[in-house]
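This is what each chain is made of:
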Amino acid sequence: PPPATPPPSTPPPATPPPSLPPPPSSPVGAEKDPHLHFAHGGTADFKGRHGAYYNFFSAPGFSVSVKTEDATFKLRNPRHDLVVDGSFITAVHFVAGNASLPAS
């Protein structure tokens with residue numbers, strides 16, 4: 001008799017994709033002069049040097065940098081006005097892969 005044909009092999013089960021970390025508990029971002037909001041609820045005020053660029057985020061293949069400019073402004077308060085010597089984010093630049101594009 002001819003040799004028996006082995007049964008077809010079953011491929012091993014697929015490996016499940018790695019689990020992603022949970023999303024941040026609060027929004028992440030920067031606003032106004034700028035006030036920073038971090039992933040797990042932390043906050044900070046940031047004062048940059050006039051005309052300087054700062055890297056706010058960097059990962060393989062992606063980067064975000066911001067430019068700050070000085071500004072003096074008043075915060076209105078019922079008891080008194082507060083003069084603030086601060087800075088504002090005036091430009092944002094993204095780098096993705098090998099291309100660099102300024103935000104418009």
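Thresholds, definitions, all that
- Position numbers for residues start from 1 in each chain and track the written sequence from start to end.
- Where totals are concerned, whole chains, interfaces and linings use all residues; where local detail is concerned, this predicted model gives features only for residues with pLDDT of at least 70, and gives and counts side-chain atom pairs only at 80 or more.
- Computation of side-chain values covers all heavy atoms of the structure but excludes hydrogens and water.
- DSSP-based pairing: two strands are paired if at least 2 bridges between them are found.
- Secondary structure elements follow DSSP: runs of H or I no shorter than four residues count as helices, runs of E no shorter than two count as strands, and numbering proceeds from the N terminus.
- Take a side-chain nitrogen of Lys or Arg and a carboxyl oxygen of Asp or Glu: if they are within 4 Å of each other, that pair is a salt bridge.
- Note on classification: 1.4 Å probe, protein chains only; a residue is buried when its accessible area is under 20% of the maximum for its type, exposed when over 50%, partly exposed between these limits.
- Geometry of aromatic contacts follows a simple scheme: Phe, Tyr and Trp rings, the Trp one being its six-membered ring, pair when their centres are within 6.5 Å, and the pair is stacked under 30 degrees between planes, edge-to-face over 60, tilted otherwise.

1. Some points on the pairing of strand 6 (residues 82-96)
Two strands pair when backbone bridges link them, and strand 5 (residues 62-75) and strand 6 are joined in this way by 14 bridges, in the antiparallel orientation. Residue pairing across strands places Val64 opposite Phe94, the latter belonging to strand 6. Between the end of strand 5 and the start of strand 6, which pair antiparallel, lie six residues.

2. Details of the pattern of salt bridges
The full count for this structure, using the stated rule, is three salt bridges. Measuring nitrogen to oxygen at the nearest pair gives 3.8 Å for the salt bridge that ties Lys47 to Asp70. Separated by 23 residues along the polypeptide, Lys47 in the loop between strand 3 (43-45) and strand 4 (53-59) and Asp70 in strand 5 bring together distant segments of the chain. Among the residues examined, Asp70 registers a relative accessible area of 42% and is labelled partly exposed. A salt bridge links Arg76 to Asp81; the shortest N-O distance between them is 2.8 Å. The exposure class of Asp81 is partly exposed, given its relative accessible area of 36%.

3. Examining the packing of aromatic side chains
Within this structure, the stated rule accounts for five aromatic pairs. Ring plane angle 90 degrees and centroid distance 5.5 Å describe the contact between Phe46 and Phe56, whose orientation is recorded as edge-to-face. Taken together, the residues span a long stretch of sequence, with Phe46 in the loop between strand 3 and strand 4 and Phe56 in strand 4 at a distance of 10 residues. Centre to centre, the rings of Phe62 and Phe94 are 6.3 Å apart; their planes meet at 35 degrees, and the pair counts as tilted. You can see Phe62 sitting in strand 5 and its partner Phe94 sitting in strand 6, a full 32 residues away along the chain. Among the residues examined, Phe62 registers a relative accessible area of 33% and is labelled partly exposed. Grouping aromatic residues by their ring pairs yields a cluster made of Phe46, Tyr54 and Phe56.

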